[in-house]
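So the chains spell out like this:
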2 protein chains.
Amino acid sequence: MAVSQKVFDVAIVGGGPAGMSAAVYAARRGLAVVLFEGKLLGGTVNEATEIDNYLGFSKTHGMELSKKFAEHVKSFPIEVREEAVVEARAAGAAGAGKGFSVKTANGECRAKSVVLAMGAKFQALNVPGEKEFAGKGVSYCATCDGYFFKGKRVAVVGGGDSALSSALYLSDLAKEVLIIHRRGEFRAEEEWQKRVQARVKEGKIRLALKRNVVEIRGKQFMDSIVLEDAETKARTTEKLDGIFVYVGSAPLSMLAKQLGVELTEKGFVKINDGCSTNVPGVFAAGDITGKLLQIAMAVAQGAQAALSAYSFLRSAK
Amino acid sequence: MAVSQKVFDVAIVGGGPAGMSAAVYAARRGLAVVLFEGKLLGGTVNEATEIDNYLGFSKTHGMELSKKFAEHVKSFPIEVREEAVVEARAAGAAGAGKGFSVKTANGECRAKSVVLAMGAKFQALNVPGEKEFAGKGVSYCATCDGYFFKGKRVAVVGGGDSALSSALYLSDLAKEVLIIHRRGEFRAEEEWQKRVQARVKEGKIRLALKRNVVEIRGKQFMDSIVLEDAETKARTTEKLDGIFVYVGSAPLSMLAKQLGVELTEKGFVKINDGCSTNVPGVFAAGDITGKLLQIAMAVAQGAQAALSAYSFLRSAK
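Attention in this report is confined to the structure presented alongside it. (Residues numbered from 1 in each chain as written. Chains lettered and ligands numbered in written order. Predicted model: local features only at pLDDT ≥ 70, side-chain atom pairs only at ≥ 80, totals over all residues. Heavy atoms only, no water.)

Concerning unusual backbone geometry
Residues and elements named next belong to chain B. Stated precisely, the cut-off is as follows: In this description a helix means any DSSP run of H or I spanning at least four residues, a strand means any run of E spanning at least two, and both kinds are numbered starting from the N terminus. For the exposure calls, accessible area comes from a 1.4 Å probe over protein chains only, and a residue counts as buried if that area is under 20% of its type's maximum, exposed if over 50%, partly exposed in between.
In this structure, Lys 59 is a non-glycine residue whose phi angle is positive, near 45°. Inspection of the secondary structure puts Lys 59 in the loop between β3 (50–51) and β4 (60–61). Since its relative accessible area comes to 48%, Lys 59 is described here as partly exposed. Here the phi dihedral of Lys 233 falls at roughly 65°; this positive angle occurs in a residue that is not glycine. Looking at the secondary structure, you find Lys 233 in the loop between β15 (222–229) and β16 (235–239). Taking relative accessible area as the criterion, Lys 233 reaches 49% and is therefore assigned partly exposed.

Shown next, in the form of structure tokens:
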């Protein structure tokens, strides 16, 4: 396994808005920065349909905004590595101040500080059939897979911004979209709710409120789901070609645990106002902190984490 | 005095990045929003020279970014009033839940909640001659007044990002720029420091470190300043046509006090993670909170404040 000779000032794990903002701030402070992202720069922003709440970008799209972010990062001398980090730990004894070791499939990299910005992944429904039909009708990303369901019947599960914006996106492609939500009302922005109601009137979207998905059925591909009434527990079956799950997100905190970083009850990384964790030299930003799961917050926390890392490095000199 | 009949859901005081982001988030939640800004939408962003650390906008300028922000705001049904708020107080007895009254020179306006986003203003040097020659050589905004000093000799006081970026901006216009800083090193981003050093080599910028400005002198206009060595206390005189002061910012918290909002020792508005103040229905965001004086943070806090105001309004129903 190749060990890179260079010791970076800061290794940023995750190339979503938090990681990218941290990279920009760190680079402008003159730090040697390496940014790891196993997938596409932009993180979950890439999976967003319309975005209209990050100040300065009126009615943009996930991929478009993501591209702008990546261009910004690439205007600085930041080493972007398209590799997933598989392990992160203190180099030397914990607390010895020897910095950190970050491993990918391609080798090991050393850094004096770390910014954890791995974000969160979709939460599964955890019902029978979900794993079996994943990629065979079950999806967690409308912008990724929506096109395969052109002219077909699909469902979206959830009541937040992601669920409703994805349902709207899908309603342009699919024959009909069924929104399934366990509660009687949505928690999504009024803007999304209004647009969903308009589509309901057009017959493009149908609502199944106070319903839970209890099973996904099919043969090679899924072909139906079983719904349960949240109150009466009565069950019904819906014939569907696909189902998109947007019921929340779970932090990707494996590396945080390896580093000995304290987590909240829900598994998010505990940070203070300066985005510092309990481990000196380890900072965190974005969805992984479980604060406000918004681009604006990820960008601000990334900036804060980088500035705190900079102060840490200066005081360690 | 005209009393507007309409009761807004949220009145936002201040049209900088924090106030504008709050307006966008509130509007997307379907709230009736009024935004007050006595000067130009954009706040202190308008006074910034180059901006390269708000993710997504590579190498932009203050006025340019500000314009993008304003366009974004104007794409929503947000009532923007170009009026300075002169008074804010609880309508009815404090804590009675009757909402708030916000007054401008043109009248009174009622709202169920308030977001304080008045920002911070420049801190003065507080030395003899400063007030006397304000606007007569003494300035707090290089982008506003820099042009008047074309081909002349000016000084910039301070060691942070605003000071150094303004000195660089002025060095393109002025004959020579003297940077005066009370410490031996700058706290500005490495990027600005490098560029200043390059200009020092070119003879466009000269440094006076560990020096304090103790007096500003002149007749109709300022013509010189007195510097004091921070260690030896020895005094010298510099002949100058102008001086730009960037020694920090002070929160604009008068309205916060009127509302009974708790402040920190330094006069910033005390907020919790949700950008709530101690007064139910009053939220705060941006520089006035004294957290991280960066656009990214103001935008994130604006979003948070609006979402908290939304929750407040829903639970008050």
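Next, the rest of the story.
Looking at the packing of helix α4 (residues 161–171) of chain B against helix α5 (residues 190–201) of chain B
All names here are of chain B. The criterion, for reference: To obtain each axis, a line is fitted to C-alpha atoms, and for helices this fit is confined to the stretch in contact; angles are then taken between N-to-C directions over 0 to 180 degrees. Left-handed is the label given to a crossing in which the near helix is rotated counterclockwise from the far helix by less than a right angle, and right-handed is the label when the rotation is clockwise. In this description, contact between two residues means that some pair of their heavy atoms is separated by no more than 4.5 Å. When residues are sorted by character, Ala, Val, Leu, Ile, Met, Phe, Trp, Tyr, Cys and Pro go into the nonpolar class, Asp, Glu, Lys and Arg into the charged class, and all the rest, Gly among them, into the polar class.
Running from N to C, α4 and α5 cross one another at 35°; their axes reach a closest spacing of 10 Å. Here α4 and α5 pass one another in a crossing that is left-handed. Residue-level contacts link Asp 161, Leu 164, Ser 165, Leu 168 and Ser 171 of α4 to Trp 192, Gln 193, Arg 195, Val 196 and Arg 199 of α5. When the residues that make up the contact of α4 with α5 are grouped by side-chain class, the tally is four nonpolar, three polar and three charged.

Quick look at the relation of the copies chain B and chain A
Cut-off, in case you're wondering: When the copies are overlaid, the least-squares fit takes in C-alpha atoms only where the residue has pLDDT of at least 70 in both copies.
Least-squares fitting of chain B to chain A yields an RMSD of 0.0 Å, with the transformation described by 0.0 Å of translation along the axis and a rotation of 180°. Those values place the two copies in the arrangement expected of a two-fold rotation axis. Proximity to the rotation axis, assessed at the C-alpha, singles out Ala300(B) in chain B; its C-alpha lies 3.1 Å from the axis. Take the interface residues of chain B: 100% of them recur as interface residues in chain A, which is what a same-surface contact looks like.

Digging into the interface of chain B and chain A
Test applied: The term buried area denotes the loss of accessible surface (1.4 Å probe radius) that occurs when two parts are joined, taken as the sum for both partners. We define a salt bridge as a contact between a side-chain nitrogen of Lys or Arg and a carboxyl oxygen of Asp or Glu at a distance within 4 Å.
Counting residues at the interface gives 41 residues for chain B, matched by 42 residues for chain A. Both faces considered, chain B and chain A share a buried interface measuring about 3800 Å² in area, 52% of it formed by carbon and sulfur atoms. When the shortest N-O distance is used, the salt bridge between Lys291(A) and Asp273(B) registers 2.9 Å. No other element matches helix α7 (residues 295–316) of chain B, which puts nine residues into the side of chain B that touches chain A.

Considering the pattern of salt bridges
Taken as a whole and judged by the stated rule, the model has 45 salt bridges over all chains. Measuring nitrogen to oxygen at the nearest pair gives 3.1 Å for the salt bridge that ties Arg199(B) to Asp172(B). In this pair, Arg199(B) sits in helix α5 while Asp172(B) sits in the loop between α4 and β12 (176–181), placing the two residues 27 residues apart along the sequence. Via salt bridges that share partners, Arg28(A), Asp52(B), Lys59(B) and Glu189(B) belong to a single interconnected network.

Thoughts on the nonpolar core
Burial of nonpolar side chains together is a common tendency in soluble globular proteins. As a reminder, the rule being used: Residue types Ala, Val, Leu, Ile, Met, Phe, Trp, Tyr and Cys, when buried and joined through side-chain atoms within 4.5 Å, form a set referred to as a nonpolar core.
Counting residues in each nonpolar core, the largest one holds 136 residues, and the members touching the most others are Tyr54(A), Leu116(A), Tyr54(B) and Leu116(B). Not counting the four nearest positions on each side in its chain, Leu116(B) is found in contact with Val13(B), Ala256(B), Leu259(B), Val261(B), Val282(B), Phe283(B), Ala284(B), Ala285(B) and Ile288(B).

Brief notes about the sheet that holds strand β13 (residues 205–209) of chain B
By definition, the strands of a sheet pair up through backbone hydrogen bonds, in either a parallel or an antiparallel sense. Residues and elements named next belong to chain B. Here is the rule we go by: DSSP-based pairing: two strands are paired if at least 2 bridges between them are found.
Sheet architecture is open: five strands sit in the order β10-β17-β11-β12-β13, paired in parallel fashion. The open sheet has two edge strands with one neighbour each: β10 (138–139) and β13. Relative to β13, β12 runs parallel, the two sharing five bridges. Within β13, the residue paired with Leu 178 across the bridge is Arg 206.

Some points on the pairing of strand β14 (residues 211–218) of chain A
Residues and elements named next belong to chain A. Note that β14 and strand β15 (residues 222–229) share seven bridges and pair antiparallel. Within β15, the position partnered with Gly 218 by the bridge is Met 222. The antiparallel pairing of β14 with β15 creates a hairpin that spans three residues between the two strands.

Concerning the state of the cysteines
Applicable threshold: Whenever a pair of cysteine sulfur atoms sits within 2.5 Å, that pair is classed as a disulfide.
Per the stated rule, a full pass over the model turns up two disulfides over all chains. Shown here is the disulfide that connects Cys141(A) with Cys144(A), its sulfur atoms set 1.9 Å apart. Of note, the bridge from Cys141(A) to Cys144(A) carries an S-S torsion of about 75° and is right-handed in sense. Cys141(A) gets classed as buried once you look at its relative accessible area, which sits at 6%. Classification of Cys144(A) as partly exposed rests on a relative accessible area of 44%. Cysteine Cys275(A) shares no disulfide, and the gap to the nearest cysteine sulfur, in Cys275(B), comes to 13 Å. Judged by relative accessible area, which is 3%, Cys275(A) ranks as buried.

Some remarks on the sheet that holds strand β11 (residues 153–157) of chain A
Residues and elements named next belong to chain A. Read from one edge of the open sheet, five strands run β10-β17-β11-β12-β13, paired in parallel fashion. Edge positions in the sheet fall to β10 (138–139) and β13 (205–209), since each has one partner strand and no second. Strands β11, β12 (176–181), β13 and β17 (242–245) of the sheet are contacted by helix α4 (residues 161–171), whose axis makes an angle of about 170° with β11.

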